[in-house]
Amino acid sequence: MNKINKLFTQELKVINMGLESFQKDLKSQDVDAMQMNWRPTAGGNPKMMDLLSRLKTKK
Amino acid sequence: MIKVDVRKNTYYDSVTLMLISKEIKNIEGVTEVLVGMGTELNIELTENLGLKDSVLNDVSPNDFFIAAEVTSADVMVTVVEQVDHLLTQKKVESGSDYRPVSIDMAVDQMPGANMAIVSIPGQYVEEEVNKLLDKDIHVMLFSDNVSVESELRLKQKAVEKGLLMMGPDCGTAIINGVPLAFSNKVKKGPIGIVGASGTGTQEVSSLIGTFGSGVSQVIGTGGRDLKSEIGGLMMIQGMKALMADSDTEVIVLISKPPAPEVAKKILDMTKETKKPVVVDFIGGDREMIKAAGAYPCTTLEDAALKAVALANHETPVDSDGFTMDEHEIDQLVQQAVSKLKPDQVNLRGLYTGGTLADEAMKMLGNTFGGIYSNIPLEPEYEIKDLENLRGHVCLDLGEDQFTVGRPHPMIDPSTRSDRFITDIDGTVAVCLIDVVIGYGSHEDPAGVVASSIKEVQQKLNSEGKSVIVVASITGTEGDPQGLETSQEKLEEQGIIVLPSNAQAVRFVQKVMSQVHKA
Amino acid sequence: MTGLQISKDLKAYFENRDGETLSIHSVFRESLNLIGHDGELITLLLPSKDIGPMSAIVPLNARELQQLQVDDVVEIHGSVLTFLKVNRVIDFSGTIIWNPDVKGRTKPLCSSKLVDRVEQLKTVIQTEGQMNGIAALISVLDFEETGLIKRTFSEPLNEYAEFIEDRIIDLLDGYFKHDRERILALIPRFVGFGQGLTPSTDDYLLGIMISMIYDAKSRKQELKSIYQFTDEIAQLVKGKTTKVSEEMIHHGAKGRVSERYRALVQAMFYDVKAPLERLCIDVLNTGSTSGTDFLFGVYCFNQLRLKWNREGGI
């Protein structure tokens, strides 16, 4: 069974990145939803981010 | 050791009981557990499983028990705590919940995570969504300001991995009966939807519920999916999933007219399933759809009606007109028009939902001498001066020019309320609006509209005038704001509420015909 | 606010109890139960749920529901319910009435179609139902032509199925042989077992009882004797299972079940237009274990029905 059809049989477990109201709405419906305290990598510095991602792919 | 927790005269619905059972089995130190109501036979089963404790001799069938084999007394304390936590979760606001900072940590905390909703600034989207797709997590991407190139790369990856990547700019989806972001609570049923247009999808799914059927899955694709650069990747992905889904018997596709080669790809796909496919390429070419063996539509409401008919094994027919008796509608129109003064001739459409505004514009067409808009049908009707409106105007207040530095009007209705005051002057005969409720929307859109309109009418009354206000509510009884409650609030202010955007527009057409008769 | 739909028996109940009070018995995520002084249970459901006997659908949302608490008092005034603590009023005077009674359809089902439907029912239960309870037995119960039911060899099933297996076979054998006394003797050792607020065996029993009633109805048999029997079953259930389940069986004994349950049962006895699979899925969507066990009961009864000679019936 492909992954999307598999999703249709599972209970939703949601990671919410961004607008908190989305997660609150899910919780109010008893859906398992986790709010991230998302931060851009390297504090949002594009040059740093680029360096970090190149490091990752080298591994 | 055997430990038992009993809660006297306590009732949990079956879904909750199953959740409790599953949850406890996953706790470290629990070797065996039985959860249930204290009936004679359930207690007998605990004996058979070696889980009986004398405490269970005193339970009654209306008591709830947990009997567990645990490695230590502490484990049972954890079990009871977890159960309490599960049960009170819905009553307590999040507050002290752990909030991970990175996707890696989030997945550690929630190992079975299968969906992520992403609404972070556009420039960070590609990197983060890549991480999610790498971890086999389906994505709903609400963010906009993502480049077409990024969107293509992400969708290609998602297709390769067999995952959903709904967006960017995707605000509406209902997966496994759960409304995500800006969506409505619709009964479960046999109709599956793949939609590229947010409020269009909301309107169709809500109406499907209102017309007595329900939805299996509602998959969003984001507004750009059917452009030639993206090639309909997510719509095709979604269609394939619905074709293979045993709960889906009828498929509905919603989008603004796609690029021609993409339309062909999509329509060719519809031939690969025996399930009937309803295609609403809003305002687009119907012949091409018919030729492919799919069912074209005249309006969003029509798409919903056709889908429901097909789900009931009836023949779908083009819909037109009103739910209410046409005679009664004409009377309402007459009554309303009779209150107008001769210099009240203009139309003001003030919409929060882009697709609904688009549908209104297309239905109204070039009647009444053309309608100025920020989403005009022809370039010469593009509004030049947004501060001094002249003639007939229909605005999509969700468009970028209105949302710079302000939340979208569906979240913050005051954007539109402000425009009610400035845009509805003594030359206006009728004001046409959408009221979108559901999750993600403001907690009381109807209430806000009602009080703004009250203010506007009071202002006009001082000139001896009043304006006709026509609305439709996109939403369902199951939404937090409640369809009926919302309708009552609007009607209390004399607003005429029709069951769908299409009918509201038709009503306005009747009003305008009367007004322009003389 | 106005009620959206009300069951006929509940409407009559309110009309006869003007000025009386009820209290809240239990609150769930999409419904709540009220209880009267006479012990009668009344269910109020959110719009996403299926209407049933002694129930009404009300336009509350999940948040408003959570504000209500057990033991809160509710007053009845004509067709209006007043929740005193939160000062909320629900008016049922103009509300659409739903009739929970046994309802036949125009064309009875012919036996060749019944064979197909029983097979389809089995397939849906196995593929879409909850198989971690007693319904797992569906894969291992063999209904022979002689009516003898036996268990085919298999790996052990879950603990619920293993526990109840012998008693289910016993019960079904009693039904097959039209042995009312034997069935009544077995009920106390069968009821109240399994997962759910309405334990599995109760849902299963409901499936059998309703099928039995519709079987008589569709063959235009006299129903009085059947109702006498089902009433005896309902009496035996009292005190042996949850209050909610007792009430469910009590209504079921009169042939009354929720709308989706009824639609499915009708499809096993009458030639209805809607596809069986969809009616089954509607039942399964009503909420976790109950639907599966109910369908399992309907399935077993109909397997027996296929094996009876035409005088059949119980």
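Residues numbered from 1 in each chain as written. Chains lettered and ligands numbered in written order. Predicted model: local features only at pLDDT ≥ 70, side-chain atom pairs only at ≥ 80, totals over all residues.

### Regarding the overall build of chain C
Line of reasoning, step 1. Looking only at helices and strands, chain C has 11 helices and 11 strands in total.
Line of reasoning, step 2. Pairs at least 24 residues apart make up 67% of the contacts formed inside chain C by residues separated by at least 6 positions. (Helix = DSSP H or I, 4+ residues; strand = E, 2+ residues; numbered from the N terminus. Contact = placed C-beta atoms within 7 Å.)

### Side note on the environment of G19(C)
All names here are of chain C.
Line of reasoning, step 1. Here G19 lies in the loop between α1 (8-15) and β2 (21-27).
Line of reasoning, step 2. Spatially, the C-alpha atom of G19 lies 5.4 Å from that of I76, the residues being 57 residues apart in sequence.
Line of reasoning, step 3. Those residues in contact with G19 that sit more than four places away from it in its chain are I76 and H77.

### Brief notes about the interface of chain C and chain B
Line of reasoning, step 1. Contact with chain C, which involves 31 residues of that partner, is made by 32 residues of chain B.
Line of reasoning, step 2. Those elements giving two or more residues to the side of chain C that touches chain B turn out to be α2 (62-66), α4 (159-176), α8 (243-252), α10 (276-284) and α11 (289-307) of chain C.
Line of reasoning, step 3. For the side of chain C that touches chain B, the class distribution of residues is 10 nonpolar, 14 polar and seven charged. (Nonpolar A, V, L, I, M, F, W, Y, C, P; charged D, E, K, R; others polar.)

### What to know about the pairing of strand β3 (residues 64-70) of chain B
Residue and element names in this part refer to chain B.
Line of reasoning, step 1. Taken across its seven residues, β3 has six buried, putting it largely inside the fold.
Line of reasoning, step 2. As defined by bridge partners, strand β1 (residues 2-7) adjoins β3 across six bridges and the pair is classed as antiparallel. Residue pairing for β3: V6 is matched across the bridge by F65.
Line of reasoning, step 3. Relative to β3, strand β2 (residues 30-37) runs antiparallel, the two being bridged by seven bridges. In the sheet register, E32 faces β3, and the bridge partner there is E69. (Buried ≥ 20, exposed ≤ 12 C-beta atoms within 10 Å, placed from the backbone. Pairing = 2+ DSSP bridges.)

### Let's talk about the interface of chain A and chain B
Line of reasoning, step 1. Opposite the 30 residues of chain A that make contact, chain B presents 36 residues.
Line of reasoning, step 2. For the side of chain A that touches chain B, the secondary structure elements donating two or more residues are α1 (3-7), β1 (13-17), α2 (20-28) and β2 (32-35) of chain A.
Line of reasoning, step 3. With five residues, β1(A) is the single largest residue contributor to the side of chain A that touches chain B.
Line of reasoning, step 4. In terms of residue class, the side of chain A that touches chain B is built from 14 nonpolar, 10 polar and six charged.
Line of reasoning, step 5. Bridge analysis of β1(A) against strand β4 (residues 115-118) of chain B gives four bridges, and the strand direction is parallel. Note that in β4(B) the partner of I15(A) across the bridge is A116(B).

### Some points on the environment of A471(B)
Residues and elements named next belong to chain B.
Line of reasoning, step 1. If you trace the backbone, A471 turns up in strand β18 (residues 468-474).
Line of reasoning, step 2. Along the sequence, A471 and Y351 sit 120 residues apart, while their C-alpha atoms lie 10.0 Å from each other.
Line of reasoning, step 3. When sequence neighbours within four positions are dropped, the list of residues in contact with A471 reads I433, V435, L490, I495, V497 and A504.

### Thoughts on the confidence of the model for chain B
The predicted coordinates should not be examined in detail at positions where pLDDT is low.
Line of reasoning, step 1. For chain B, the average pLDDT comes to 90, and 97% of its residues sit at 70 or higher.
Line of reasoning, step 2. Of the regions scoring below 50 in pLDDT, residues 90-96 of chain B engages in five contacts with residues more than four places distant in sequence or in other chains. (pLDDT = per-residue confidence, 0-100.)

### Description of the environment of S79(C)
Line of reasoning, step 1. Looking at where S79(C) falls in the secondary structure, it is placed in the loop between β6 (73-77) and β7 (80-83).
Line of reasoning, step 2. Note: C-alpha distance between S79(C) and N16(C) (63 residues apart in sequence) is 9.9 Å.

### Quick notes on the sheet that holds β2(A)
Line of reasoning, step 1. Pairing is parallel across the open sheet formed by five strands, whose spatial order is β2(A)-β1(A)-β4(B)-β5(B)-β6(B). Looking at strand neighbours, the two that pair on one side only are β2 of chain A together with β6 (165-166) of chain B, the edges of this open sheet.
Line of reasoning, step 2. On top of the sheet, α2(A) reaches β1 and β2 of chain A together with β4 of chain B; it is set at about 155 degrees to β2(A), its chief contact.
Line of reasoning, step 3. Lying over the sheet, helix α5 (residues 125-134) of chain B contacts β1 of chain A together with β4, β5 (138-141) and β6 of chain B, oriented at roughly 155 degrees with respect to β5(B). (Axes fitted to C-alpha atoms, helices over the stretch in contact; angles between N-to-C directions.)

### Things to note about the nonpolar core
Line of reasoning, step 1. By size, the foremost hydrophobic cluster in this structure holds 148 residues, and its most contacted members are V139(B) and M140(B).
Line of reasoning, step 2. At nine residues, helix α11 (residues 300-311) of chain B tops the list of elements feeding residues into this core.
Line of reasoning, step 3. The residues contacting M140(B), other than those within four sequence positions of it, are M115(B), I117(B), V118(B), M166(B), G167(B), C170(B), A173(B), L180(B), A181(B) and G220(B).
Line of reasoning, step 4. Listed in part, the 114 residues of the second largest apolar core include L17(B), I42(C), V244(C) and A253(C). (Core = buried A, V, L, I, M, F, W, Y, C linked by C-beta atoms within 7 Å.)

### Some remarks on the sheet that holds strand β5 (residues 55-57) of chain C
Residue and element names in this part refer to chain C.
Line of reasoning, step 1. Strand order in the open sheet formed by nine strands is β8-β7-β6-β2-β3-β4-β5-β1-β9, and the pairing between neighbours is mixed. The open sheet has two edge strands, β8 (88-91) and β9 (96-98), and neither has a second partner. This sheet shows a mean twist of 25 degrees between the axes of neighbouring strands, independent of strand direction.
Line of reasoning, step 2. Both strand β3 (residues 31-35) and strand β4 (residues 41-45) contribute to a ladder of five bridges, which runs antiparallel. Bridged to S31 within β4 is L45.
Line of reasoning, step 3. Along the sheet, α1 contacts β1 (5-7), β4, β5, β6 and β9; its crossing angle with β1, the most-contacted strand, is approximately 80 degrees.

### Side note on α11(B)
Residues and elements named next belong to chain B.
Line of reasoning, step 1. The terminal C-alpha atoms of α11, which comprises 12 residues, lie 17 Å apart, in line with the 16 Å expected from a rise of 1.5 Å per residue.
Line of reasoning, step 2. Burial within α11 is extensive, with 12 of its 12 residues counted as buried.
Line of reasoning, step 3. Along α11, the residues that are buried comprise L300, E301, D302, A303, A304, L305, K306, A307, V308, A309, L310 and A311.
Line of reasoning, step 4. Directly beyond the C-terminal end of α11, a positive phi value near 60 degrees is found at H313. (Expected span 1.5 Å × (residues − 1).)

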